[in-house]
Amino acid sequence: DAGITQSPRHKVTETGTPVTLRCHQTENHRYMYWYRQDPGHGLRLIHYSYGVKDTDKGEVSDGYSVSRSKTEDFLLTLESATSSQTSVYFCAIREGRGFTVHFGNGTRLTVT
Amino acid sequence: DQQVKQNSPSLSVQEGRISILNCDYTNSMFDYFLWYKKYPAEGPTFLISISSIKDKNEDGRFTVFLNKSAKHLSLHIVPSQPGDSAVYFCAASDPNYGGSQGNLIFGKGTKLSVKP
C-alpha cells in the first residue's frame, strides 16, 4: 500500500458540468501523476507534478487541469465534462529517486 | 504513434505451464522497463522491472528478459497459477520526458487467463 487515496471512487456526472477528482498521499512523495485507462488504450498520462505548484502536461491533457497546493494532494479538474472523458482515472506516486510508480485504486467517472 | 506495444490483447494458458507476455518498443532511449499487473476494480500493481543495462531479472516465478537489439522484452511466469489471471501492462521510462527518472509510457495491456 503506497498510501494513496482517491476520491470519489465512483462518480456520474452530466456533460458540461465541472468535476474535480482528488488524490491524497500520506508519504510525502514529490512526484504525482494522473493517468486514465480506457479499453484499447492502456494507461495514458494526463498531467503530472514534480512538487508543490509544479505541474506539467502529459500526452492527453486537453480538457483537464491540475493543481497541487500541498505535497499530499493532487487535484484533477475537468472544467466542462464531455462523454469522451468517461474513463477510469488513476492517481500514482513515484517513490523517491526510483523508477517505480505506485497507483491508487482509481476513480470510475461516467459522463452522461 | 505507439512507443510501447503489446501486440497480444489476450493470452490463455493452462495452470502449471509457462506464460510468456511480450512487449516491443520503438525508442532506444528508454532506460528502464517495468511490468504491472492489474485486477478488475483495482489499480495496477508493480510486478518486476529491469534496467536497460541488464538482459534478465528474476523474482520468484517472474522473470523479465530484455533484448535491446530487438527492442523487445518479455515476462515469463513459471509455473502459471489461476491467481495470475489479470491484465499485464508493460511500461518504459523515457529519460527525456518528465524529469530525471522519466515518465512511464505504457502499452495497452495483455489479458492473461490461467485455466485450472
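One can find the structure itself at the top, above this paragraph.
Residues numbered from 1 in each chain as written. Chains lettered and ligands numbered in written order. Predicted model: local features only at pLDDT ≥ 70, side-chain atom pairs only at ≥ 80, totals over all residues. Heavy atoms only, no water.

**Details of the packing of aromatic side chains**
Inference 1: All chains considered together, the criterion is met by 17 aromatic pairs over all chains.
Inference 2: A centroid spacing of 6.2 Å and a plane angle of 25° characterise the contact between tyrosine 33 of chain A and tyrosine 48 of chain A, whose relative ring orientation is stacked. Of this pair, tyrosine 33 of chain A sits in strand S4 (residues 31-38) while tyrosine 48 of chain A sits in strand S5 (residues 42-51), and the two are 15 residues apart along the sequence.
Inference 3: For tyrosine 33 of chain A, a relative accessible area of 1% gives the class buried.
Inference 4: Taken together, a centroid distance of 6.5 Å and an interplanar angle of 85° make the contact between phenylalanine 89 of chain B and phenylalanine 106 of chain B edge-to-face. (Phe/Tyr/Trp six-rings, centres within 6.5 Å; stacked < 30°, edge-to-face > 60°. Helix = DSSP H or I, 4+ residues; strand = E, 2+ residues; numbered from the N terminus. Buried < 20%, exposed > 50% of the residue type's maximum accessible area, 1.4 Å probe, protein only.)

**With respect to the interface of chain A and chain B**
Inference 1: At the interface, 25 residues of chain A touch 23 residues of chain B.
Inference 2: Together, the buried faces of chain A and chain B total about 1800 Å²; carbon and sulfur atoms form 58% of this surface.
Inference 3: Of all residues in chain A, the largest losses of buried area upon contact with chain B belong to Leu43, Phe99 and Phe103 of chain A, amounting jointly to 32% of the total for that side.
Inference 4: If you look at where chain A meets chain B, you find 0 salt bridges.
Inference 5: Scanning the region where chain A abuts chain B turns up 4 residue pairs in polar contact (both at pLDDT 80 or more).
Inference 6: Of all the secondary structure elements, the ones that give two or more residues to the side of chain A that touches chain B are S4, S5, strand S9 (87-94) and strand S10 (101-103) of chain A.
Inference 7: Among the residues forming the side of chain A that touches chain B, the class breakdown is 10 nonpolar, 10 polar and 5 charged. (Contact = heavy atoms within 4.5 Å. Buried area = accessible area lost by both parts, 1.4 Å probe. Salt bridge = Lys/Arg side-chain N within 4 Å of Asp/Glu carboxyl O. Polar contact = N/O pair within 3.5 Å; in protein donor to acceptor, adjacent residues only side chain to side chain. Nonpolar A, V, L, I, M, F, W, Y, C, P; charged D, E, K, R; others polar.)

**Brief notes about the pairing of S4 of chain A**
All names here are of chain A.
Inference 1: Counted residue by residue, S4 has 8 buried out of 8 residues, so it is predominantly covered.
Inference 2: The side-chain alternation of S4 yields two buried faces, one formed by Tyr31, Tyr33, Tyr35 and Gln37 and the other by Met32, Trp34, Arg36 and Asp38.
Inference 3: Sheet topology places S4 next to S9; 7 bridges connect them, and they run antiparallel. Looking at S9, one finds that methionine 32 is bridged to isoleucine 93.
Inference 4: What sits between the antiparallel neighbours S4 and S5 is a turn of 3 residues, in which glycine 40 has the positive phi angle 80°. (Pairing = 2+ DSSP bridges.)

**Side note on the sheet that holds strand S1 (residues 4-5) of chain B**
Residues and elements named next belong to chain B.
Inference 1: Taken in spatial order, the 5 strands make up an open sheet running S1-S3-S8-S7-S6, and their pairing is antiparallel. Where the open sheet ends on each side, the last strands, each with one partner, are S1 and strand S6 (56-59).
Inference 2: Note that S1 and strand S3 (residues 19-25) share 2 bridges and pair antiparallel. Across the sheet, residue valine 4 finds its bridge partner in S3, namely tyrosine 25.

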